[in-house]
There are 6 protein chains.
Amino acid sequence: MPYINVKITDEGVTNEQKQAIIKGCTQLMVDVLNKNPATTFVVIDEVNTDNWGIGFDQVTELRRQGLTSSAE
Amino acid sequence: MPYINVKITDEGVTNEQKQAIIKGCTQLMVDVLNKNPATTFVVIDEVNTDNWGIGFDQVTELRRQGLTSSAE
Amino acid sequence: MPYINVKITDEGVTNEQKQAIIKGCTQLMVDVLNKNPATTFVVIDEVNTDNWGIGFDQVTELRRQGLTSSAE
Amino acid sequence: MPYINVKITDEGVTNEQKQAIIKGCTQLMVDVLNKNPATTFVVIDEVNTDNWGIGFDQVTELRRQGLTSSAE
Amino acid sequence: MPYINVKITDEGVTNEQKQAIIKGCTQLMVDVLNKNPATTFVVIDEVNTDNWGIGFDQVTELRRQGLTSSAE
Amino acid sequence: MPYINVKITDEGVTNEQKQAIIKGCTQLMVDVLNKNPATTFVVIDEVNTDNWGIGFDQVTELRRQGLTSSAE
């Protein structure tokens, strides 16, 4: 009965990507821990880049400076 | 001083339902643990059904297939 | 398919109290949102009083000063 | 490599305030624990006042009654 | 810069399993979202079975009744 | 009424450091958002280095390789 919470920035995550994250995390619980997928939850939180900081700066600012790619 | 975080899908939760969740969780802390309601926090997160997975699938897809009722 | 996380201080919470918290939170989801208990998770985190702060102070210190009852 | 999650009500938090929260939390990890800011994450969650309860009531209701200032 | 929190019951998770969870979640972020692994965090919380409830009951009790396998 | 959750590795954090984290986070909420400290919670989670992954590896392994200082 795992619960997995995935926090990522809200930079155009597609529905296909969300499905892949859900399937991948669930499969990992089955493969590694033999968990039952029927009671495995995956919850994705998309966080605005203004609200995520790393190294003193908002991700929004890091993107503008080109210090990190949009993928990071 | 409990902190309770309730994560549910964002399927038309009404304001009355939110009030009932807050009152119910707080009363539970008073009844079971004799906690002070003035320092009991309840935070409700409403999660998009695309962002919640169970058994490999998005809740959005489970709803479409009728495998789970909207209440689940 | 709610997920409820209850954070409380680790001040001698009994097994009966844990059962009551789990039952109470689950029943609340059934009563208020008509959720399926089979996919309702309740996870209790017991936090050391040294690691919980309120109003600038550790709960450990508040207890010592008698500013809050052990129940709070 | 700290991860800091700040949950606050969504009452007009400005971008400057978000920057100050990110910088302040990161600096605290550097000053107190000598952590590397490059691997210090700060994530701010802005929660609707309908979804935050304290003392049995929604913050929305507390604001209307003037029992708490908007800053609280 | 994803942050992934994996909550599982504390039923003898080995170090190899923890490594596999960390590697698998990180690889998923690289494969699906092209994220930088250097800023991908995975945090595993092992929760006592007394503190995890599902369907009104503690996992401890479900295990005793044999209603769920230890793997679930 | 902010709630701040600080997740750090469990590498000998002293009680004085915990007090400094609690005081610093609370003061930040007062200074930046004019919040009431009496309803500001800070909860510190100390995570075993086996359970924290970054860049595919457990922090335990990164420490052994000397790739990161114990402070990071």
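For every chain, the first residue of the written sequence is number 1, and numbering continues from 1 onward in sequence order. Following the order in which they are written, the chains are lettered starting with A and the ligands numbered starting with 1. Side-chain atom pairs in this predicted model are given and counted only at pLDDT of 80 or more, local residue features only at pLDDT of at least 70, and totals for whole chains, interfaces and linings cover all residues. Values reported for side chains reflect all heavy atoms of the structure, with hydrogen atoms and water molecules removed beforehand.

A. How the structure looks around the packing of helix α1 (residues 15-33) of chain A against helix α1 (residues 15-33) of chain E. Relative to each other, α1(A) and α1(E) sit at 160 degrees, their axes nearing to 10 Å. Relative to α1(E), the element α1(A) is oriented roughly antiparallel. Crossing angle aside, the handedness with which α1(A) passes α1(E) is right-handed. Residues Gln17(A), Ala20(A), Ile21(A), Gly24(A), Cys25(A), Leu28(A), Met29(A), Val32(A) and Leu33(A) of α1(A) touch α1(E), and the partners they reach there are Gln17(E), Ala20(E), Ile21(E), Gly24(E), Cys25(E), Leu28(E), Met29(E), Val32(E) and Leu33(E). Residues are grouped as follows: Ala, Val, Leu, Ile, Met, Phe, Trp, Tyr, Cys and Pro are nonpolar; Asp, Glu, Lys and Arg are charged; every other residue, Gly included, is polar. The residue makeup of the contact of α1(A) with α1(E), split by class, is 14 nonpolar, four polar and no charged. Fitted lines through C-alpha atoms serve as axes, helices being fitted only where they are in contact, and the angles separating the N-to-C directions of these axes extend from 0 to 180 degrees. Each helix is a run of H or I in the DSSP string that is no shorter than four residues. Each strand is a run of E no shorter than two, and both are numbered from the N terminus. Any angle that falls under 35 degrees is termed roughly parallel, while one over 145 is termed roughly antiparallel, one within 65 to 115 roughly perpendicular, and all others oblique. In this scheme the crossing of two helices becomes right-handed for a clockwise turn of the near helix relative to the far one and left-handed for an anticlockwise turn of less than a right angle. A contact between two residues is defined here by any heavy atoms of the two lying within 4.5 Å.

B. Looking closely at the relation of the copies chain B and chain C. Mapping chain B onto chain C is achieved by rotating through 180 degrees and translating by 0.0 Å along the same axis, at an RMSD of 0.0 Å. The transformation just described matches what one would write down for a two-fold rotation axis. The rotation axis passes nearest to the C-alpha of Asn5(B) in chain B, at a distance of 2.6 Å. Both copies present the same face, since 100% of the interface residues in chain B are matched by interface residues at the equivalent positions in chain C. What sets the superposition is a least-squares fit of C-alpha atoms, and only residues with pLDDT of at least 70 in both copies go into it.

C. Structural detail: the sheet that holds strand β4 (residues 57-58) of chain F. The pairing criterion for strands is at least two bridges between them, as found by DSSP. Ordered in space as β4(B)-β3(B)-β2(A)-β1(A)-β1(E)-β2(E)-β3(F)-β4(F), the eight strands form an open sheet in which the pairing is mixed. Each edge of the open sheet is held by one strand with a lone partner, namely β4 (57-58) of chain B together with β4 of chain F. Inspection of the sheet shows strand β3 (residues 52-54) of chain F paired to β4(F) by two bridges, in the antiparallel sense. Within β4(F), the position partnered with Ile54(F) by the bridge is Asp57(F). Along the sheet face, α1(E) touches β1 (3-9) of chain A, β1 (3-9) and β2 (41-47) of chain E together with β3 and β4 of chain F and points at about 140 degrees away from the line of β2(E).

D. Seen up close, the relation of the copies chain A and chain E. When chain A is fitted to chain E, the residual RMSD is 0.0 Å, and the transformation amounts to a turn of 180 degrees plus an axial shift of 0.0 Å. An overlap of 100% is found between the interface residues of chain A and their copies at the interface of chain E, pointing to a shared contact surface.

E. Spatial organisation of the UniProt feature "domain: 4-oxalocrotonate tautomerase-like" (unreviewed entry) in chain A. UniProt positions are given in the numbering used here, feature names are shortened, and annotations may be inferred rather than shown by experiment. Using the residue numbers shown here, the UniProt feature "domain: 4-oxalocrotonate tautomerase-like" (unreviewed entry) corresponds to residues 2-55 of chain A. Between the first and last C-alpha atoms of residues 2-55 of chain A the distance is 31 Å; the span itself is 35% helix and 31% strand.

F. Spatial organisation of the arrangement of the chains. Contact between chain C and chain D is absent, and the least distance between their C-alpha atoms amounts to 12 Å. At the level of C-alpha atoms, the two units chain B and chain E stay apart, their nearest approach being 12 Å.

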